[in-house]
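# Per-entry structural report
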Amino acid sequence: MNFADLGLSEELLRAVGDAGYDEPTPIQANAIPPVLMMKDIIGIAQTGTGKTASFVLPMIDILAHGRSRARMPRSLILEPTRELAAQVAENFEKYGKYHKLSMALLIGGVSMGDQIKALEKGVDVLIATPGRLMDLFERGNILLTGCSLLVIDEADRMLDMGFIPDIEQICTKLPRQRQTLLFSATMPPPIKKLADKFLDNPKTIEVARAATTNANIEQWLVPVSSSDKRGTLRDLLRQPEVRTAIIFCNRKTTVRELNKSLRRSGFRSCEIHGDMEQPQRLAELELFKAGEVNILVASDVAARGLDIKGVSHVVNFDAPWHPDDYVHRIGRTGRAGATGTAYTFVTAEDGENIANIEKLTGQKIARLEAKPADAAPEPEGDEEKPQRARGRRRGGEQPKSTVRSAEKPRRSPAPRATPAPAADEDAGGWNGPIPGFLDARIDL
Ligand code: ADP
Ligand code: MG
């Protein structure tokens, strides 16, 4: 299959060629022709399969005919997060470079003045997050009655973020006669319901679930106790093959604290989570994209669908609570044919989460044995210490002393993925097994 077989214009094919793409991905090959035929579609495919171009490309050709009118966008793309909205805008610029289309980005955290000005003039494409769009709508600054093409992207994440009522509202403000495209990595019942209500006789295109267990991603479970996570992470990150890594945590506070701790240990890291202001988030992301830092600590919401090239490693510092999140997280690596490695830390409490992940992906994930010295405490005085000491004193979840587990022989099913050699352990000065050290602390 070739891009030229899909019915796209010469200008678009040129832009696609400039982008360096040889062949459409399966979702693109199957979605682009019906979209060009003005059909409603539901596109289901895992993260990283090129869903963006499967609507951006045909939209550019559809919108090439016709003109925009003041305050009335001709098409609307809804994205769950500011970053994803910005990424879709970048895609429009990249593929639309031989077209004269106007675009506005409507996202929280940036000044509304410029956004309103752009809208006043009229735009061909409006890319928005639901919250900001509703704000503007209520102020009477925008009319959606001229909007004959709607894209609901990342629908499952919209659901997670509680945007479905907003989307329903927005849908009622668009003309009935329109084309609607819905894209999602998964199809939970509320999304199915949304599609039934707002799409007209849609064609469903589903790229096989089997693709979710991307063969290009080497996956490992790393058994750790909660208190050993940071040390184990540092060792993993010191492996020479780790060029760039995204570290996922389940909570925003963990993101912040972990980033601080990594920086104290001399790593070049930054962070991104839902509590940050937009300019700050984009700035952090830019640091990572530009290679100023090579480690990004992230929460699920902030990182959903982010398209960052060449991420060599993903580490789930916390095993995700939802199996879908696992697929999304590890999908940050091994993108578009590249290979990647994903490590997932598992504590004694994560058994059920892992079982659910393995059920969803239909794949058993191999286990790595944690490195002996991983278990040693870290030098910095951080917030987790008191909790750690308490846990041990009570002998609750971590009955074995760290020192004892440090004496276990290392066993790894893959030499390539074996954590860093002993030389690295000396870096911090505290990482060697120091008999009695932990006990002394606990007795304080
Ligand atoms: P999704 O929305 O499905 O998560 P994206 O649209 O963000 O995926 O695309 C994932 C990555 O694949 C991006 O880096 C994009 O540039 C790249 N990509 C998209 N289409 C192609 C293609 N036909 N050939 C090669 N790479 C592609
Ligand atoms: Mg996407």
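Numbers given for residues are sequential positions, taken from 1 along each chain in its written order. In the order they appear in the text, chains get letters beginning with A and ligands get numbers beginning with 1. Given that this is a predicted model, residues contribute local features only at a pLDDT of at least 70 and side-chain atom pairs are listed and counted only at 80 or more, while totals for whole chains, interfaces and linings are drawn from all residues. Here the side-chain values reflect all heavy atoms present in the structure, with hydrogen atoms and water set aside.

Our focus in this paragraph is the overall build of the protein. Note on conventions: DSSP H or I runs of at least 4 residues are helices, E runs of at least 2 residues are strands, and numbering of each starts at the N terminus. Along its length, the protein carries 19 helices and 14 strands. Any residue under 20% of the maximum accessible area for its type is buried, any over 50% is exposed, and the rest in between are partly exposed; the area is computed with a 1.4 Å probe on protein chains only. Here the protein holds 444 residues, and 56% of them are scored as buried. Contact between two residues is taken to exist if any of their heavy atoms lie within 4.5 Å; hydrogens are not considered. In the protein, 77% of the contacts between residues at least 6 apart in sequence involve partners at least 24 apart.

Pairing is possible between side chains that carry opposite charge, provided their charged atoms lie close to one another. When a carboxyl oxygen of Asp or Glu is within 4 Å of a side-chain nitrogen of Lys or Arg, the pair counts as a salt bridge. Taken as a whole and judged by the stated rule, the model has 14 salt bridges. Taking the shortest distance from any N to any O, the salt bridge between Arg 281 and Glu 83 comes out at 3.0 Å. One end of the pair, Arg 281, is in helix H12 (residues 278-289); the other, Glu 83, is in helix H4 (residues 82-95), with 198 residues separating them in the sequence. The class for Glu 83 is buried, based on a relative accessible area of 2%.

Glancing now at the side chain of Thr 347. Assignment of secondary structure puts Thr 347 in the loop between strand E13 (340-346) and helix H15 (351-361). Here Thr 347 is in contact with Val 224, Ser 225, Ser 226 and Lys 229, once residues within four sequence places are set aside.

If you trace the seven strands from one edge of the open sheet to the other, you get E10-E11-E9-E12-E13-E8-E14, paired in parallel fashion. A single partner strand is all that each edge strand has here, and the edge strands are strand E10 (269-272) and strand E14 (366-367). Here, strands pair whenever DSSP counts at least two bridges between them. The pairing of strand E9 (residues 245-248) with strand E12 (residues 313-316) spans four bridges and is parallel. Looking at E12, one finds that Ile 247 is bridged to Val 315.

For helix H6 (residues 130-138), every residue scored as buried is listed here: Pro 130, Arg 132, Leu 133, Met 134 and Leu 136. Looking at the buried positions of H6, the neighbouring elements they touch are strand E2 (75-78), strand E3 (103-106), helix H5 (112-121), strand E4 (125-128), helix H7 (155-160) and helix H8 (164-173). Positioned one or two residues after H6, Gly 140 has a phi angle of 75°, which is positive.

Looking now at the packing of H6 against H8. Note on definitions: angles span 0 to 180 degrees between N-to-C directions of axes, and those axes are lines fitted to C-alpha atoms, for helices only across the stretch in contact. At a minimum axis distance of 10 Å, the contact between H6 and H8 shows a crossing angle of 50°. Considered as vectors, H6 and H8 are oriented oblique to each other. When you trace H6 past H8, the crossing you get is left-handed. Contact residues: Pro 130, Gly 131, Leu 133, Met 134 and Phe 137 in H6; Asp 166, Ile 167, Gln 169, Ile 170 and Lys 173 in H8. Note that Gly is not counted as nonpolar here; it falls among the polar residues with everything else outside the nonpolar set of Ala, Val, Leu, Ile, Met, Phe, Trp, Tyr, Cys and Pro and the charged set of Asp, Glu, Lys and Arg. The residue inventory of the contact of H6 with H8, partitioned by class, reads six nonpolar, two polar and two charged. Oblique is the label for any angle not covered by the other classes, which are roughly parallel (under 35 degrees), roughly antiparallel (over 145) and roughly perpendicular (65 to 115). Two helices cross in a left-handed way if the nearer one is turned anticlockwise from the farther one by less than a right angle. They cross in a right-handed way if the turn is clockwise.

Here we take up the nonpolar core. Within soluble globular proteins, side chains that are nonpolar generally end up buried alongside one another. Throughout this description, the term nonpolar core refers to a set of buried Ala, Val, Leu, Ile, Met, Phe, Trp, Tyr and Cys residues connected via side-chain atoms within 4.5 Å. Core analysis: the biggest nonpolar cluster contains 35 residues, and Phe 55, Leu 57, Ile 77 and Phe 92 have the highest contact counts within it. Broken down by secondary-structure element, the contributors of at least two residues to this core are helix H1 (10-18), helix H2 (26-36), helix H3 (51-63), H4, E4, strand E5 (149-152) and strand E6 (179-184). Per-element accounting of this core gives the leading share, eight residues, to H3. The next biggest cluster of nonpolar side chains, apart from the first, holds 34 residues, and it includes Val 123, Phe 163, Cys 171 and Phe 198.

A separate point is the pairing of E6. Among the six residues of E6, six are classified as buried, and the element is accordingly described as predominantly covered. Burial along E6 is two-sided: the residues Gln 179, Leu 181 and Phe 183 and Thr 180, Leu 182 and Ser 184 are all buried. Alignment of E5 against E6, held across four bridges, turns out to be parallel. Within the sheet, the bridge partner assigned to Leu 149 lies in E6 and is Gln 179.

Let us look at the confidence of the model for the protein. In the predicted model, the protein carries a mean pLDDT of 80, and 79% of its residues have values of at least 70. Below a pLDDT of 50 lies the segment residues 372-444, which in the model reaches 102 contacts outside its immediate sequence neighbourhood of four places, other chains included. A residue's pLDDT is simply how confident the predictor is in it, with values from 0 to 100.

This brings us to the sheet that holds E5. Sheet architecture is open: seven strands sit in the order E3-E4-E2-E5-E6-E1-E7, paired in parallel fashion. Of all the strands in the sheet, the pair left with one neighbour each is E3 and strand E7 (203-206). The sheet shows a mean angle of 15° between the axes of neighbouring strands, direction not considered. The sheet contact formed by strand E1 (residues 41-44) and E7 spans four bridges and is parallel. By the bridge assignment for E7, Ile 42 is matched with Thr 204.

Neither face of E1 is left uncovered, since the one carrying Ile 41 and Gly 43 and the one carrying Ile 42 and Ile 44 both have all their residues buried. Pairing geometry for E1 and E6, over four bridges, is parallel. Among the inter-strand pairings, Ile 44 is bridged to a residue of E6, identified as Ser 184.

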